[in-house]
Amino acid sequence: MSSPMEQLYQQLILEHAKTPHGKGLADGAAAESFQVNPTCGDEVRLRVHLAPAGADGTVIDKVSWEGQGCSISQASVSVMSELVTGNAVTTAEELGETFRALMGARGQGLDEASEDRLGDATAFTGVARYPARIKCALLGWSALRDALIQAGAATPTTTEQDQPATGTTHEENR
Amino acid sequence: MTAPLEPRATGSATLSAAELAAVRADFPLLARTVRGGRPLVYLDSGATSQKPDVVLDAEQDFYLQRNAAVHRGAHQLAEEATEAFEQARGEVAALVGADVGEIVWQTNATAALNVVAYAMSNATAGRGGAAARRFALAPGDEIAVTEAEHHANLVPWQELCARTGATLRWIGVDDDGRLRTDELTSVVTERTRVLAFTHASNVTGALTDVGAFVRRAREVGALTVLDACQSVPHVPVDLHALGVDFAAFSGHKMLGPTGVGALYGRRELLEAMPPVVTGGSMVEVVTMESTTFAPPPQRFEAGSQMVAQAVGMGAAARYLAELGMTAIAAHETDLARLLLDAVAAVPGVRVLGPTDTRDRLATVSFVVDGVHAHDVGQVLDDAGVAVRVGHHCAQPLHRRFGVASTSRASAALYTTAEEVEVFADALRRVRPFFGLTDTPTDAPTDAPTEGGTR
């Protein structure tokens, strides 16, 4: 039985932190979001690139990003960019919701169907045991959601609409 | 402490093993375990200190025996509550070399610093009459700070400049984390009205040559504002001897409760300064048209005060004084040496701040090459070691060193050499845990991508 800390730092997370996917900003994005975790200074600038709408609606062609931060935040953006690439925006939004649910699960994980959908992102299950680290894992997902809203591909919730318009630089979890 | 110790006026005698054991027994929380039974190694006293029994008892005793509204009411309880409140003010004043009337209760040091900044704003708006004109600012005036400031002693001055048209300037930090005292003559000039600076950096642990700052401020007629949050709990502080005009420090960092801090102001300045927060308790005569204000310190203590916390802060000041700040400082200098040696012995770890123990606290911030501070903190936490990770509310100082965040081990009077060893062992495990070798060739992952634009 591995320790909670070893469950936190799954091998997959350490590998993604070392060799991140999608890193390096690309041109031709539909929108960009810059997110900061003010408590630790971690930041991510993420661009979402959209493909022409098909039968499933708008599809995410790719995600490109730049950022600096802890292994959890960097690996999470990396895993997310792999996961959502080629998926419809609606599917990516559902994945985001499921990942947020995983972060609220106190390390207990989710049902099998949800975990199947999340794939590699289930490696972050152990993060939910450490309340201070949940923000790290969510940083990239917040940037994706913000970029999709800015691109007009996703609809903000009521609370998001209530927030003042701060362009691409609004800070996460203030 | 079961029996008060004689204060040590001179010498560098550190705490004896017996004294240190007695001190630790006064802090019940230090005996607890964390993360599956590991003894707690608390190295986050720079963020907040733990509390001795005498502080908790003083607060509880106040509520159990003396609780009443202070400075009003003619009944016996009100008299006793007022006496406890004012006695605590006297104990805090005595610890820092101030007169009792020069200590104003505030909710924390941030509030205390804002009182000075907003009083100057009010003076600029004409409040306080002729006596307050010395605090008024105009475009062309300058406020000087340092690059090492905690945001609490930076942002209020930025905001004051924005409200008054004054200009903010700052003194830099050298590669060792020391303030660039040589820049005082160029940065602090005849235009400078306020020189606000920290007594000890909460990141580098470097102590400031306060004398040099005060001398330069006096040459040009600037007011001095000292952030003494990190110094008061760790070294002897005599505000009269230092000669500063204002100082701020918090209760919770000096073994006292949260929710209470102190503003020190030289008596003649407090008397001339207009109030900031107004309402009950800080007035003399109120008519429907206008109000006259109470003399200091009450002028700056509007509304119901944090009486029990103030009583607790008084008990904390007494506890520190009885143990003796000279002995505490000597003990912490020993700890600084141990912490610096521990960090230096681990490959791929570098310190932000002085690596000698001259004029420095046992507060050591460091970067582990190739590992983000959050991840460093997690591995240390797994060994029961509590450190702070992040920018420690000093983003400009971190930017000065080209990093976004650091890990910080900060000791206090109750920290032991054995605890530093546990910290050192855990720190040695960090880079291997993340698959890094002992030959640090990895570039730091920590360089900000947003060079100074945030």
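What you see is a predicted model, and the numbers here were worked out from it, not measured in a lab.

A.B. asks: Just to check I follow, could you spell out the interface of chain A and chain B for this structure?
C.D. replies: A common measure of how large an interface is: the accessible area buried when the components associate. Contact with chain A, which involves 26 residues of that partner, is made by 22 residues of chain B. Buried area between chain A and chain B, summed over both chains or domains, comes out near 1,900 Å², and the portion from carbon and sulfur atoms is 54%. In this structure, Arg133 of chain A and Asp375 of chain B form a salt bridge, with 2.9 Å as the shortest nitrogen-oxygen distance. Inspection of the chain A/chain B interface yields 7 residue pairs in polar contact (both at pLDDT 80 or more). Put simply, the parts of the chain that give the side of chain A that touches chain B at least two residues each are helix H1 (4-8), helix H2 (11-18), strand E1 (31-37), strand E2 (42-54), strand E3 (57-68), helix H3 (71-84) and helix H6 (131-150) of chain A.

A.B. asks: Would you take a moment to explain the nonpolar core for this structure?
C.D. replies: It is characteristic of soluble globular proteins that their nonpolar side chains tend to be buried jointly. Ranked by internal contacts, the top residues of the largest apolar core, which has 85 residues, are Phe249 and Leu413 of chain B. Two domains each put at least three residues into this core: domain 1 (17-51 + 324-433) and domain 2 (59-321) of chain B. Excluding residues within four positions of it along the chain, Leu413 of chain B makes contact with Leu15, Leu20, Val23, Leu255, Tyr319, Leu320, Leu323, Ile328, His331 and Glu332 of chain B. Counting residues in hydrophobic clusters, the runner-up holds 76 residues, among them Tyr9, Val79, Phe99 and Leu148 of chain A.

A.B. asks: Any chance you could explain the pairing of strand E8 (residues 223-227) of chain B here in plain terms?
C.D. replies: Where a strand is regular, its side chains alternate between the two sheet faces. Residues and elements named next belong to chain B. Of all 5 residues in E8, 5 are buried; the element is thus mostly enclosed. Here E8 shows a buried face lined by Leu223, Val225 and Asp227 and a second buried face lined by Thr224 and Leu226. As judged from the 5 bridges shared by strand E7 (residues 192-198) and E8, these two strands associate in the parallel manner. Bridging across to E8, Leu195 finds its partner in Thr224. In this fold, E7 hands off to helix H7 (residues 210-220), which returns the chain to E8; that crossover is right-handed. Bridge count for E8 against strand E9 (residues 246-250) is 3 bridges, and the pairing is parallel. Bridge assignment links Asp227 to a residue of E9, and that residue is Ala248.

A.B. asks: Is there a simple way to think about the pattern of salt bridges in this case?
C.D. replies: All names here are of chain B. This structure, assessed with the given rule, holds 30 salt bridges over all chains. Of the charged contacts, one joins Glu80 and Arg66 as a salt bridge, the two residues approaching to 3.9 Å between their closest N and O atoms. Of this pair, Glu80 sits in helix H3 (residues 76-95) while Arg66 sits in helix H2 (residues 53-66), and the two are 14 residues apart along the sequence. Residue Glu80 is classed as partly exposed on the basis of its relative accessible area, which comes to 24%. Here Arg66 falls in the partly exposed class, since its relative accessible area comes to 25%. Close ionic contact of Arg358 with Asp359 constitutes a salt bridge, the shortest N to O distance being 3.6 Å. When its relative accessible area of 53% is taken as the criterion, Arg358 is described as exposed.

A.B. asks: Sorry, what's going on with the domain arrangement of chain B here?
C.D. replies: Residues and elements named next belong to chain B. Domain parsing of chain B yields domain 1 (17-51 + 324-433) and domain 2 (59-321). Contacts between the two partners involve 40 residues from domain 1 and, on the opposite side, 35 residues from domain 2. Of the roughly 3,100 Å² buried between domain 1 and domain 2 on both sides combined, carbon and sulfur atoms contribute 56%. Linking domain 1 with domain 2 are 2 salt bridges, by the criterion used here. A salt bridge links Asp356 to Arg178; the shortest N-O distance between them is 3.7 Å. The interface formed by domain 1 and domain 2 includes 26 residue pairs in polar contact (both at pLDDT 80 or more). When contributions to the side of domain 1 that touches domain 2 are tallied by element, the ones reaching two or more residues are helix H11 (325-344), strand E14 (363-368) and helix H13 (395-400). When the residues that make up the side of domain 1 that touches domain 2 are grouped by side-chain class, the tally is 18 nonpolar, 13 polar and 9 charged.

A.B. asks: Would you explain the confidence of the model for chain A in this entry?
C.D. replies: Low pLDDT marks regions whose predicted coordinates should not be analysed in detail. Chain-level pLDDT for chain A is 88 on average; 90% of the residues reach the 70-or-more range. Note on residues 162-174 of chain A: pLDDT under 50 across the span, and 21 contacts to partners over four residues away in sequence or across chains.

A.B. asks: Even after reading the chapter, I still don't get the environment of Ala321 of chain B, so can you show me in this structure?
C.D. replies: With respect to the helices and strands, the residue Ala321 of chain B is situated in helix H10 (residues 307-323). A C-alpha to C-alpha distance of 9.7 Å links Ala321 of chain B and Val96 of chain B, two positions 225 residues apart in sequence.

Calculation criteria
Residues numbered from 1 in each chain as written. Chains lettered and ligands numbered in written order. Predicted model: local features only at pLDDT ≥ 70, side-chain atom pairs only at ≥ 80, totals over all residues. Heavy atoms only, no water. Contact = heavy atoms within 4.5 Å. Buried area = accessible area lost by both parts, 1.4 Å probe. Salt bridge = Lys/Arg side-chain N within 4 Å of Asp/Glu carboxyl O. Polar contact = N/O pair within 3.5 Å; in protein donor to acceptor, adjacent residues only side chain to side chain. Helix = DSSP H or I, 4+ residues; strand = E, 2+ residues; numbered from the N terminus. Core = buried A, V, L, I, M, F, W, Y, C linked by side-chain atoms within 4.5 Å. Buried < 20%, exposed > 50% of the residue type's maximum accessible area, 1.4 Å probe, protein only. Domains from an automatic or database assignment. Pairing = 2+ DSSP bridges. Right-handed = clockwise from strand over helix to strand, strands pointing away. Nonpolar A, V, L, I, M, F, W, Y, C, P; charged D, E, K, R; others polar. pLDDT = per-residue confidence, 0-100.

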